[in-house]
Each structure stands twice: as structure tokens, then as C-alpha cells.
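Below, each chain spelled out in residue letters.
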Amino acid sequence: MPAPLSPAALLPTPLPVEALAERARAALPALREGRCRLVVDGDRLVMQGGTLPDAESALLDALLDQHARLLQLGAALADAERTAQVQKALYAISDLAASDLDMDAMLLALHRVIGGLMYGENLFIALHRPETDEVEFLYYADTEEPDVRAADMPFRRLSDLEGTYTYQVFETGRALRGAPDEIDEQVGLPMRRVGPRSADWLGVPMLADGQVLGVLVVQAYVQRPRYTEADQALLGFVGSHVLTALEHKRAQEELERRVELRTRELTAEVQARERGERLQRALYRIAELANSDLDTRAFFQTLQEIVGGFMPSRNFYVALIDETGQHFDFPYFADEFETNPGRTQAKTGVTAYVYHRARPLLVDLDTAGGRAAFEVVAATGAFAGTTPGPTKSWLGVPLLREGRAFGVLVVQSYTPGLVYSAADEELLTFIAHQVASTLERHQSAEALRRANAELEHRVGERTQALLEQIAVRERMEEQLKHQVLHDGLTGLPNRAYLREHLARAIKRLQRDPEARFALLFMDLDRFKIINDSAGHAVGDALLVEVAHRFSRSVRGPDMVARLGGDEFAILMDHVDGADDAVRLAQRVIAALSGPMEILGRTVFTGVSIGIAIGHERYDSPEDMLRDADIAMYRAKKSSDRRFEVFDEALHDKALALLELESDLRFAILRREFEPWLQPIVALDDGHILGWEALMRWRHPARGVLAPGAFLDVAEANGSLEAIDWLIFEQIFALAPGLLDDRQYININVSPRHFRMGDFAARFIKRLEAHRVAPSQIRIEVTEGAFIAHQDRAGDTIDALARHGIKVALDDFGTGYSSLGYLHRFRLHTVKIDRSFIAAMSPGSAAIVSAIIGLAKALNLEVVAEGIEDERQRAALLKLGCGIGQGWLFSKPQPPAHWSRGAA
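Procedures and definitions
- Residues numbered from 1 in each chain as written.
- Predicted model: local features only at pLDDT ≥ 70, side-chain atom pairs only at ≥ 80, totals over all residues.
- Heavy atoms only, no water.
- Phe/Tyr/Trp six-rings, centres within 6.5 Å; stacked < 30°, edge-to-face > 60°.
- Helix = DSSP H or I, 4+ residues; strand = E, 2+ residues; numbered from the N terminus.
- Buried < 20%, exposed > 50% of the residue type's maximum accessible area, 1.4 Å probe, protein only.
- Lys NZ or Arg CZ within 6 Å of the ring centre and 35° of its normal.
- Pairing = 2+ DSSP bridges.
- Axes fitted to C-alpha atoms, helices over the stretch in contact; angles between N-to-C directions.
- Contact = heavy atoms within 4.5 Å.
- pLDDT = per-residue confidence, 0-100.
- Parallel < 35°, antiparallel > 145°, perpendicular 65-115°, else oblique.
- Polar contact = N/O pair within 3.5 Å; in protein donor to acceptor, adjacent residues only side chain to side chain.

Trainee: Quick rundown of the packing of aromatic side chains? Include the residues and the values.
Mentor: This model, assessed by the stated rule, comprises 22 aromatic pairs. Note on Phe673 and Phe710: the rings are 5.6 Å apart at their centroids and 55 degrees apart in plane angle, and the pair reads as tilted. Taken as a pair, Phe673 in strand S21 (residues 673–682) and Phe710 in the loop between strand S23 (703–705) and helix H19 (711–717) lie far apart in primary sequence, 37 residues in all. Of the residues examined, Phe710 reaches a relative accessible area of 1% and is grouped as buried. Connected via pairs of aromatic rings, a cluster forms that spans Trp725, Phe728, Phe732, Phe759 and Phe763. Taking the ring centre of Tyr227 as reference, the NZ or CZ of Arg224 above it sits at 5.1 Å.

Next up, the structure:
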């Protein structure tokens, strides 16, 4: 079946100069009869031994001129297609840099993009940080070492790579290309081998401001076409864009890291605020406790519980000085190991030390520094030789009355690592003040009010501090939100911001059918050309100017957003219908119709616009953006309009396409595809020589479908190969019961199969499994297989021919390269396209006669397709074509129709 052809495939392949000379000798009588000779001199043709008649000379000149023009056009189209392919890849790299993919997913996608430009199955990316001399293998994919990850590479510094190809590229800043021995010769010394030996290696530097920041390498382990200088230049060009994409992604990840760090800081501030609020509640509770009717023990138990909310307080006691000032009493004593000591002397020990100094003491015996500080004080005799025993951390604060101590409040820890801090000291000191107030109830109400007033003042100060912290946090949150939702270059809302507003507009329309809105999806024309030719600075300045012009073109409530790259969108609220959106589209187009002065350059650009009108069928912003994008691409393809409104027809077409793709995948699982057979007959007596197998889909709802109803979709979504193999298996299974020893079946093979190097082996293996003779199966290929995969196509056809499977070139005459393929490949049959048979005018008859003559000269069998009446049959017999097929003999029928009895 014919496959879609590229523009270059629509041109004939120029004949080699020897073949051109042979064609001229066959066509010109003077050369054919030997009156003069045409010889090949290098890539030129030279006349010897006489001159041609004027008419024949003119014909030869026209032939040579046509050949030269074909060479020029072919080269130009090849360059254009390669440029388009590179542009598409660069667009893809740019989109990946701006995508939401993580670094690993983006690198995998970059690998696929590079693989689309050249053989890149084995690829790695190494980056160098000059400031630290560190080398990072950011990505590593190798078929010989499939389990090796980039993070497992043993090289950490550039010096570790010394003597390797990668090191040479880093050091010299120049690309290396070739087999290992060739690279050694280029460098001038043997290089150190790392990893499996490759058959072909290409590495290019990734440069920024003239400095080598990375190396991009592709390599091949199998024999295949070698990397060329063009591949090297292309990979170097792509490498700079890959480096830009990586830097952009890393900058994005750094921004996300900073946002995450700031979020943690804000979380810590919130936690601090919550702790402050909790402290405030605790202080109020203590103040209320001072006025409660609890007895002393219950009071201290409650106080221990409150302190335990902020610090370890399992070991907690209160020591009060008696009337004489000589002894301590312990009205409350809770300890894991000791019991209440009752009354003790108030002269020695750490409790007495706090009491006499009337200042808090924090002892940390869990660290060397804390023990040393305690021993320094103990050495002065202040403790009279006593220590806190097995305690790891001890905190005591005085209970004060008018500045003089009358007791001590203590908490302590016996657990290593569980220690008190200066903040705990400050808190417990404050609590001790409240305890002192409670113990002196007999003081006047004025003293109590002063204590409460002091408490309220301190709480107010703390509350004010918390409010200021909250205000600072809210300002920072607003700033971060603006940065996240706006484009850094143009200042316009970004895709995320647009999605939020678009989602609200969709929900508003679902509530109120009158709240109509529209979305304009815009893509700049020629931006890539401008950006590449004039530089990124001009490109960025152009985007800023375009953003200003878009903003001046819209109405007050409309929102202009930049989606990324050169894509913009406008969200229109309160529209009456499509006319409002069309008028805005016309204003936007007019705004970009004139020249723009950008950084001293005069720049021209345009815009293609897709319009989607708000509708109740939209459930998400992505659906509406998709439809506007579809309309935009339709406008881009239009020759007379620069905008397009997404309508029901486009919607239905998109739904139908999705439904067809889904049906295809289920049809493969249910094996709904089957071959129908059309006979290939001898034109003189009509007896059947063989059949051509034609694919049909027995759709459960739509009946039997010809390939035209689904082939393009199957080709696009990659399911055609699976369908082909279903057809092959059915043909192999029915062949033994259908064919006699002289008959055969022609099978159409999609060009996609020629991408796979194992197609011939797999095909032959299945043929042998069904015990079918190779002479009874022939394959038909179109020129598409040769155009896209010439080397593999030649190898595949050779392998099939060696096994006895004959190959036919289908639809001959519809392409322009067929003559070259007849010489180059081991073909058995040429099938003349039905378009020549249907007309059978003098002109088409001449072409058919020429094809028949050429085929016979090359000892090729000729089959005419599309024979529908006796006139065509007679004409073909007269021209010397003895084999054909068409509706004159039979339409394609299911295999059951062609049992041996029916045939």
C-alpha cells in the first residue's frame, strides 16, 4: 500500500551518469547505430566520433539539463527537510526545558529527540563545573551496559578522565569522530579505553560563552553508516541547545528548592507562633491558678503538668526557706530515684547556691563543656564540694519576693541527651514569678493587679511581635505567588495563572449559561527564524514588544498570558458570541502587521490564532486549550486566513479520531483484521496465476472497512505493524489449502517494517513454521520503503530473495525514483499503477509501453493493476503485458470465496 511521502520523495532520483548514458544510447538513433559515440568522463558525458543531428542533440541537451535540475532540486529539498527536522527538534528541546517534567524524564525525552536526528541509541551527557573541577554524568544510556546508571560512573573529577575521548573533548573544546583507531590517529597518541569498544564514536563540546561546560556523545557498537561531518555539526548545534535546556531546568529546580526552603522557614515561623500562642495560654492558666482554691500539693501538681508542656518536668521540686532562713522545706518533691528529703540545711549544694545568689542556674553535665563550666564554679567552694549526683541536666530558678529569694523551683533530667536550654531557663524563671505570687496570697490586691498588668504587657508585646511576623510572612507569600504565576520575561500571567482563571470561567459558565467567554490561542510566525538568525536577545525583546501590542489590543477585562516560547493566549470574559472573539483576533493580527524596530533591527512577524468559545462540554482548562490549539494549527495551514474558530465539525473530527484509535487497539486484540484476495491472471486466457492479499477490517458496528478508512490512523499511532503481522499469519495459514504448486499470494509490506533489521528473519521463520514454500509467497513494497530505509531495505530484499521469496515494486510510475530502484535492488516484478491503465490514452499507453520495455530489458515480470474492461485488457496484450488484475476479473473477496473448487 502506498505510504505518505515526504516532499523529497516526490522528486525522481537522478540516474547515475552511466545509467544516463545508457538511456541516451537507447533513445537516440545516431548513438544506437554507432554513427557517433557517447562516453563517460568522470561525472560528465563526452561525444566522440561525430556529431548528433540537431533534433537528437536538442533531445540530449534537454535530458542532461533535466538531470542537472533534478540534482539541484533534490539537494535543495534534502537540505530543507533536514532543516525542518532540526527546527522541530529544537522546538521540542525548548518545550522540554519549559515543561513540568523532572530532570530524569526530561533527559529521557532529550535522548528521544536526538535519536530522531541521527543514530543515538547509545548516548551520554557529561557536565563539568570548572570552579570545583567536578564532572557529573547527568545521563548515560548504553546498550552494551544497560544496567549502568549515570550516578554509578566512577569519574568524579575531570582529571579522572585523563586519556579518554571525553577528556580530550573537554580539554580541546573540539569534537572527535570516528572509530577508536581513527580517533587515536587524530589525537596523535593511543587513548585510554573505558567501557565496551565502539565501532563509531562522536563527541561534541557543549559551550557557553566559549567555555566547555559539557560533552554530548553518541556511539555505535554495530556496523552501520558512519557518523558524518554533517552529523557532527548537527550534534554540536543541538548540544548548545541541550545545554541551555539543562541550565534552564536546573534554574527551575533551584527556584523550586528555594521555594521549598522558604516554605520550611515559614513553617518554622508558624510553629514558633503556635508555640507562642500555647505559651500564652499556659501563662493565663498559671495566672488563673494563682487565684484558685487548690491546696498546695494540687497547685504544684498542676504547675508540674503546665511546665511539662514546654520542657521535661518528670523530676520537679520546690524548696522554700523557713522563718529562720537556715533550712529548706520541700512542699512538693517529685523524683524518679529520690524521696522527699524533708527539712535540710540551706548552706551547701546547688539549691542553696541558687537561693543565696537569687539568680537562675543551668547545669549541663551531659557535655564536656558543661561539665568543665560546673567544675570551675565548684572549685571556688560555692557548692562546698557537692555535685548534683547522677543528674545529666539541672535547672533551678529562685522564687523572689520584692527582689529577695525565699525559695527555689527546680527541674532536672537523668536521661543522656535530654538537656535544658537558655530558653527553658527564661521560661521557668517567668513561671517561678507566678508561683511566688501564688504563695503570697496575703499580699494586697494592688500587688496582684500589678502582677497581672505586667503579665498582660508582656503578652501584648509577644502578641505584637507575632503579628509583625505574620505580616512579613504574608508579604513574602504574596511575592512568591506573583513570581510563580507570572512570566519572568514579559511580566504577563503564565500558563498556571491562565489555567486558574480558565477553570473559574468554565465553572461560572456551568452555573450561568449567560456567562459566556472565549479563549484565543496564538502562535507567532517565523519566530524561530528570527531567534536563530538575530540572536536570543532580539528574540526576547521581540516577545516583550509582542506582549505589549497584545495587551494594547484587548479590552479592559481581557487577560493576556504567555504560555511558553512564542505561544500566547487571551481569555475574553463577557462575550456575546464568536463575533467578539473574531474582532479581537483581527485587531491582534493588525497589531503585528507592520514592522517592529527591535534592538536596532527591523523585524517582521505575524500570528496564527485559534479560537475556542466557552461551552458546557468543557470540564477542564486542558480540554479548551487543546481545542484552541487544534484551531490554531488549522489556521496556520490556511493560506487566506490567520485565525480559525473551533467548531462542532472540528470537535466531531477529534472525537471520531480518538474513537477510531481506541477501536483499532481493541480490533487488534480481537483479531478483527483479515485478508481479502484479488486474483492475478494471465491476460490471454484469464487463468489464475496467484492472488494479491488486501487488508480488510471486519468492524463490529461499521461492517467491512477498506484500508482507506483506517490506514493513516494506524500508521500514525504505530499499530500498523501489529495489524500486518496478523494478516501475515492468516495468509501463511490459508496458503497450503488454497494454492497449487504454480500459484502464489502477494503480501503488501508497510515501509515501517524496513526500519527493523530482523524483519526478513522473522518473516522467513513464520513462513517455515506454517510449512509454506517460499515460491508461493511474494511481497509487494512501495517506493516509500526505499526512500526512508535504503540500506536496510536492500539488505532485507537480498535476504528474502536468497530464501526464494520474490519481491514486487508496487504502484510503479507514481513515484519519481523507480528507475534507480530497478537497477539497485533485487526485484522480480514491476506492477504498473492503475492510474496509467485507467486512462489508456496515447500518452499513458506510451508510458505503459516504456515501462514494459524497460522491465523486459531488465528481465523483470510486469503486472498491470486496475484492469476494468476488455478494451484495457486488449490494449495491454497488444503492448506485450501478459499478466494483470482488476475488477474485470474479480473484486477482492474473502478467502473462503477462493477455495480450489471455486477458483
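Back to the text.
Trainee: Report on the sheet that holds strand S5 (residues 176–178), specifying residues and quantitative values.
Mentor: Strand order across the open sheet formed by five strands is S4-S3-S7-S6-S5, with antiparallel pairing between neighbours. Edge positions in the sheet fall to strand S4 (134–141) and S5, since each of these pairs with one other strand and no more. Neighbouring strand axes in the sheet, compared pairwise and without regard to direction, differ in orientation by 15 degrees on average. Pairing of strand S3 (residues 122–129) with S4, which is carried by seven bridges, proceeds in the antiparallel orientation. Following the sheet pairing, Ala126 is matched in S4 by Phe137. Where helix H4 (residues 103–115) meets the sheet, its contacts fall on S3, S4 and strand S7 (211–220), and the angle it forms with S4 comes to roughly 65 degrees. Contacts from helix H5 (residues 165–172) reach S3, S5, strand S6 (200–208) and S7 within the one sheet, and its direction differs from that of S7 by about 145 degrees.

Trainee: Quick one: what's the story with the confidence of the model for the chain, residue by residue and with numbers?
Mentor: In the predicted model, the chain carries a mean pLDDT of 83, and 89% of its residues have values of at least 70. When pLDDT is averaged over each element of the chain, strand S29 (residues 883–884) comes out on top at 96 and helix H22 (residues 783–788) at the bottom at 65. Segment residues 1–11 is flagged for pLDDT under 50; beyond a separation of four residues in sequence, or across chains, it makes 25 contacts in the model. Within the model, the stretch residues 442–446 combines pLDDT values under 50 with one contact to residues more than four positions away or in other chains.

Trainee: An account of the packing of helix H13 (residues 495–511) against helix H17 (residues 621–637) is needed here, citing residue identities and associated values.
Mentor: The contact between H13 and H17 brings their axes to 9 Å, and the two run at 105 degrees. Relative to H17, the element H13 is oriented roughly perpendicular. Judged by residue contacts, Arg495, Leu498, Arg499, Leu502, Ala503 and Ile506 of H13 engage Pro621, Glu622, Met624 and Leu625 from H17.

Trainee: Kindly report on the side chain of Gln304, identifying the contributing residues and their values.
Mentor: Tracing the sequence through the fold places Gln304 in helix H8 (residues 296–308). Apart from residues no more than four positions distant in its own chain, Gln304 is found in contact with Ser313, Arg314, Phe316, Tyr332 and Ala334.

Trainee: Hey, could you go over the side chain of Gln743 for me, with residue numbers and the actual values?
Mentor: On the secondary structure map, Gln743 appears in the loop between helix H20 (720–738) and strand S24 (744–748). Residue Gln743 is classed as buried on the basis of its relative accessible area of 10%. Only 3.2 Å separates the side chain of Gln743 from the backbone oxygen of Ile688, close enough to count as a polar contact. Leaving out residues up to four positions away in the same chain, Gln743 has contacts with Ile688, Leu689, Trp691, Leu738 and Gln776.

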